[in-house]
Amino acid sequence: MIDESDAHLSALIVEDSEDDALLLISHLESGGYRVGWQRVETSDALRRAVTEDRWDIVFSDYAMPHFSGDKALSLLRQYDQDVPFIFVSGNIGEETAVAAMKAGAQDYVMKSNLKRLVPVVQRELAEAELRRRQRQVEDKLRKLSMVVENAVDGVFITDSSGQIEYVNPAFERITGFSGREVSGRDPALLNSGRHGKAFFRRMWQTLHKGQVFRDTFINRRKDGQEFYEEKAIMPLLDAQGEISHFVSIGRDVTAQVRERAERERMNAIIEATPDFVAIADECGRLLYVNRAGCEMLGLGPQPADWDGADLDDLCHDETARVRLQEALATARRKGLWESEIELCSREGKVIPVSQVILAHTGADAKVEFYSTIARDITERKRFESQLQYQASHDMLTGLPNRVLLMHRLQMEMDRAQRHSTRAAVLFLDLDNFKRVNDSLGHQAGDALLQRVAWRLGNCLRPNDTVARLGGDEFAIVMSDVRDIDNILTIIHKLRATFDSPILVGTQELFVGFSAGIAVYPNDGDSHDILLQNADTAMYRAKAMGKGEYQFYAAGMNARGQELLSLETDLRRALQREELVLYYQPQMDLGSGRIVAVEALLRWQHPEKGLVPPSDFIPILEESGLINVAGDWVLRRACADCARLIGQLGSVMRVAVNVSPRQFNDPGFVDSVRRVLGRQRIPAGCLELEITEEIVMQEVSMTGSTLSELDRLGVRLAVDDFGTGYSSMAYLKRFPLDALKIDRTFVEGLPGDQGNAAIVEASIYLGRKLGLEVIAEGVETAVQREFLQAHQCDLIQGYALGRPMPLPALIEFLRDISRH
Ligand SMILES: Nc1nc2c(ncn2[C@@H]2O[C@@H]3COP(=O)(O)O[C@H]4[C@@H](O)[C@H](n5cnc6c(=O)[nH]c(N)nc65)O[C@@H]4COP(=O)(O)O[C@H]3[C@H]2O)c(=O)[nH]1
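Quick notes on the rules
- Residues numbered from 1 in each chain as written.
- Predicted model: local features only at pLDDT ≥ 70, side-chain atom pairs only at ≥ 80, totals over all residues.
- Heavy atoms only, no water.
- UniProt positions renumbered as here; feature names shortened; annotations may be inferred.
- Helix = DSSP H or I, 4+ residues; strand = E, 2+ residues; numbered from the N terminus.
- Buried < 20%, exposed > 50% of the residue type's maximum accessible area, 1.4 Å probe, protein only.
- Areas by Shrake-Rupley, 256 points an atom, 1.4 Å probe, with all protein chains shown as cover.
- Near = heavy atom within 4 Å.
- Polar contact = N/O pair within 3.5 Å; in protein donor to acceptor, adjacent residues only side chain to side chain.
- Nonpolar A, V, L, I, M, F, W, Y, C, P; charged D, E, K, R; others polar.
- Core = buried A, V, L, I, M, F, W, Y, C linked by side-chain atoms within 4.5 Å.
- Contact = heavy atoms within 4.5 Å.
- Patch = residues over 30% accessible without salt bridge, like charges linked within 9 Å, V, L, I, M, F, W, Y side chains within 5 Å.
- Salt bridge = Lys/Arg side-chain N within 4 Å of Asp/Glu carboxyl O.
- Phe/Tyr/Trp six-rings, centres within 6.5 Å; stacked < 30°, edge-to-face > 60°.
- Lys NZ or Arg CZ within 6 Å of the ring centre and 35° of its normal.
- Pairing = 2+ DSSP bridges.
- Axes fitted to C-alpha atoms, helices over the stretch in contact; angles between N-to-C directions.

- Looking at an unreviewed UniProt entry, one finds the protein named cyclic-guanylate-specific phosphodiesterase and attributed to Thiohalobacter thiocyanaticus.
- Listed in UniProt under the heading Cofactor (unreviewed entry), the comment for the protein reads: "Mg(2+)".
- If you open the UniProt record of the protein and go to Catalytic activity (unreviewed entry), you find "3',3'-c-di-GMP + H2O = 5'-phosphoguanylyl(3'->5')guanosine + H(+)".

Given below as structure tokens:
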């Protein structure tokens, strides 16, 4: 009996007789099968049946009216190789049966002997199952073999003694050996000798334990070249569990190993490079920064330290950020951007770098990432600026040299053109420098030049430039020259700066300059010409004598030139004592006596003759020479006064004009005290004429000076009374003795009613305040009478006498006393 589990049988019956088919089924059922069956009797029906269903077994009659067993067999085998095919026929002969078996039928059963049917079915079903399994195994083997044959990995199989039995095509390709060449040989033929014994010992130990050995082998190809093979070797066991074979599967990883080595080398190089190397994603986020970059920018060494940072964070301000965005845009457009830029470290240090940014694009031309290399050029920049400094500065003095001077001069010329002002260049040449050099040596000469440079630098405005042109030549570029006075101011400052001696070693040296001045745009429209003209002017100045300053051109600079030469002349006049005092008498209207004289300064110019004070006092004021001149006037006037008193035997007062600058000099009161002491005249014999301008200036200081002078006993008179716009209050506040009515009010007397009223009021005011009133510029007898009638105390003017030199005055006074 058949097994219950095998009892179900699906049977296809090719049979023209329904009865025969039923008989067949009944035999099978009586043999224990539960049969599901179908009967077909044409080729179409058979085809349909085998394509639509799966059958355990097929029975077929041999000869049928519309079909034949042969055809049924061959049709079936087109669809199924394994299903048992059993002829069940009434008349199949021996020969036909053998031929049918050859054609693929499994057996035949005579209809007359159906007793055989069940055993045949049982046997054929079992064999069909075997065949099916076999076929599956073969199928699998075929597939595996195909895989191995087509694998990219090299495979070889050895027997247990290590002799090669099989190699796949990949092995041949990788090693260069053909299967035939290596068949029966030891795989050691691939040995490169690069692995030590320990390596193979470990391999064999692993394999003999029945485990898989994996490692990277360095093997040798047939042509002797080495290659890297990532290999797995495994033992195969037979039914007894003994190792029967070894299978080696190896992948040629030479390219990867080399690539990895190359990458590691590159990485080591990048890590060792002193330049900043970084990779950023398409949004600028940093993906990689090398060691030098981390150090340069103060980023930690671990990626986590700068995680989230991007290229933007390396910019120190908004301008740098905009520049970076432009750089990235250029890199996206052109693939590369390079320039010099400034990066900023985390600590805020600004680092100048020479940087390259590359944009790396993918297949869609979109940027996938950026790489950048930046070299710290701090040193180079420092060196460059040092070079630039050296190229543009004089090494001895540290002042700009000719190159930089020309550049600044051009800038000032441009600025002057824009603002419609002027620029000036002064060419200075040290007087007597050669003598210093020759007598004290070069070191002393150098030291002198350094100190001169320092002093020059200190007396200029921040926008002016002083340069050393070489030797003892210096130049100054003056910016924003609005009028000629600006230049004169600088010249005064220069002179004042070099008034005191320069100490070189133990020597005190007085330094003077000869200078030429050229003014843009009048004296040239290019910097070369301007400097050349200033040079020319300097030579002219030198020719005039040491310490001279000379403007290049006449024309608009004529006034400057004139003022300058006047100033130079005045200095000389003071030294050569060309200044003289004239005296003009003052009469007491009450007694009719000459009680005082006014000292009036004159300049006895060798060529121009007698120069009036109006022509030179403003220059003395401007240049500061007024203090020297005023001091001289004071001494001279007091000395003359003493002489007058001595010679005439009567008291005589001298009035001396004091300029604002002289009055404000802190040493003024002392100098008055000194003069009085030296000349031994009573203090009341000296009257100081001060202007309304002086009394109106900062009150506390003026007040204290006036009080000090008053305590000395000196008389104080207000000159030019009524010409200013001042308040009369000062007359009360200060210790004054007299007021002098200005001659412009006396002029029209008595006809000019306005003037007459002012003069009357002034006399009235003076009397009320206890001040002596002196009328100036009295030219006529009518004026004198008017003043006398209005009780003016004193008069002064041509009506009495013009200013005269001392001998003439003495004569004049003697004349009067004689009459
Ligand atoms: N038209 C006319 N003029 C007359 C008559 N009488 C006198 N004068 C002139 O009037 C001026 C009087 O001097 P001031 O008002 O102090 O005015 C002085 C004074 O301010 C200043 N000055 C003169 N000498 C000195 C000085 O030693 N030091 C200072 N700081 N200033 C002085 O110069 C100014 C002018 O002096 P000067 O030219 O000498 O001119 C003198 C004198 O010559 C007259 O009847 N008619």
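Okay, back to it.
### Considering the overall build of the protein
Inference 1: The helix and strand inventory of the protein stands at 29 helices and 32 strands.
Inference 2: With 819 residues in all, the protein has 46% of them scored as buried.
Inference 3: Surface accessibility of the protein: about 41900 Å² in total, with carbon and sulfur atoms responsible for 50%.

### Brief notes about the site of the ligand
Inference 1: With respect to spatial proximity, 21 residues lie near the ligand, and among them Q584, R602, N657, R743 and E779 are the closest.
Inference 2: With respect to the ligand, the side chain of R602 contributes an N or O atom lying 2.8 Å from an oxygen atom.
Inference 3: At 2.5 Å, a side-chain N or O of E779 approaches a nitrogen atom of the ligand.
Inference 4: Expressed as a share of its isolated accessible area of 790 Å², the protein-covered part of the ligand is 83%.
Inference 5: Of all elements in the fold, only β24 (593–605), α19 (613–623) and β28 (715–721) reach the threshold of two or more residues within the shell around the ligand.
Inference 6: Along the lines of polarity and charge, the residues of the shell around the ligand split into eight nonpolar, five polar and eight charged.

### Section: the nonpolar core
Inference 1: Membership of the largest hydrophobic core comes to 79 residues, with the highest contact counts inside it found for L686, L688 and L787.
Inference 2: Of all the elements, helix α20 (residues 626–648) adds the most residues to this core, at nine residues.
Inference 3: Beyond its immediate stretch of four places on either side in the chain, L686 contacts L634, C638, R653, V654, V656, V672, L676, V714 and R715.
Inference 4: Judged by nonpolar contacts, the second largest core, of 38 residues, contains L399, A424, C459 and I502.

### Quick word on a nonpolar patch on the surface
Inference 1: A cluster of nonpolar side chains, contributed by V137, L141 and L144, occupies part of the molecular surface with about 290 Å² of accessible area.
Inference 2: The topology assignment puts L141 in helix α5 (residues 117–150).
Inference 3: A relative accessible area of 53% places L141 in the exposed class.

### Description of the packing of aromatic side chains
Inference 1: Across all of its chains, the model carries 12 aromatic pairs by this definition.
Inference 2: Here Y62 and F87 contribute two aromatic rings whose centre-to-centre distance is 5.2 Å and whose plane-to-plane angle is 65 degrees, an arrangement assigned as edge-to-face. Of this pair, Y62 sits in the loop between β3 (57–60) and α3 (69–79) while F87 sits in strand β4 (residues 85–89), placing them 25 residues apart in sequence. The pair formed by Y62 and F87 is uniform in burial state, with each residue classed as buried.
Inference 3: Residues W603 and F616 carry aromatic rings whose centres are separated by 5.9 Å and whose planes lie at 75 degrees to one another, so their mutual orientation is edge-to-face. Taken as a pair, W603 in strand β24 and F616 in helix α19 lie far apart in primary sequence, 13 residues in all. Take W603 and F616: they sit in the same class, and that class is buried.
Inference 4: Among the aromatic side chains, those forming a connected cluster through ring pairs are F199, F200, F213 and F217.
Inference 5: Directly above the ring of F217 sits K231, whose terminal nitrogen or CZ lies 5.5 Å from the centroid.
Inference 6: Above the ring of F734, the side-chain terminus of R733 is found at 5.8 Å from the ring centroid.

### Some thoughts on the pairing of strand β27 (residues 686–690)
Inference 1: Where burial is concerned, most of β27 is hidden: five out of the five residues are buried.
Inference 2: Residues L686, L688 and I690 line one face of β27 and the alternating positions E687 and E689 line the opposite face, and both faces are buried.
Inference 3: Across four bridges, strand β26 (residues 653–657) lies against β27 in parallel orientation. By the bridge assignment, A655 is partnered in β27 with E687.
Inference 4: In the sheet, β27 pairs with β28 via four bridges, with the strands oriented parallel. Bridging from a neighbouring strand, E687 pairs with R715 of β28.

### Thoughts on unusual backbone geometry
Inference 1: A cis amide bond, omega 5 degrees, links Y520 with the succeeding residue P521.
Inference 2: Among the secondary structure elements, P521 is positioned in the loop between β21 (513–520) and α17 (527–544).
Inference 3: The peptide bond linking L749 to P750 adopts the cis configuration, its omega dihedral lying at -5 degrees.
Inference 4: Even without being a glycine, S420 presents a positive backbone phi close to 55 degrees.

### A few points about the sheet that holds strand β5 (residues 107–110)
Inference 1: The strand order across the open sheet built from five strands is β2-β1-β3-β4-β5, with neighbouring strands paired in parallel fashion. The open sheet has two edge strands, β2 (34–40) and β5, and neither has a second partner. Across the sheet, the axes of successive neighbouring strands diverge by a mean angle of 25 degrees, strand direction being ignored.
Inference 2: Pairing of β4 with β5 involves four bridges; the strand directions are parallel. Opposite S89, over in β5, you have M110 as the bridge partner.
Inference 3: In the packing of helix α1 (residues 18–30) onto the sheet, contacts are made with β1 (8–14), β2, β3 and β4, and the angle to β2 comes to roughly 160 degrees.

### Side note on the pairing of strand β15 (residues 367–376)
Inference 1: In this structure, strand β11 (residues 276–281) lies alongside β15, joined through six bridges in antiparallel fashion. The partner of A278 across the bridge, within β15, is T372.
Inference 2: Two strands pair when backbone bridges link them, and strand β14 (residues 350–361) and β15 are joined in this way by nine bridges, in the antiparallel orientation. Opposite T361, over in β15, you have V367 as the bridge partner.
Inference 3: Hairpin remark: β14 followed by β15, antiparallel, with five residues in the connecting loop; positive phi at A365, about 65 degrees.

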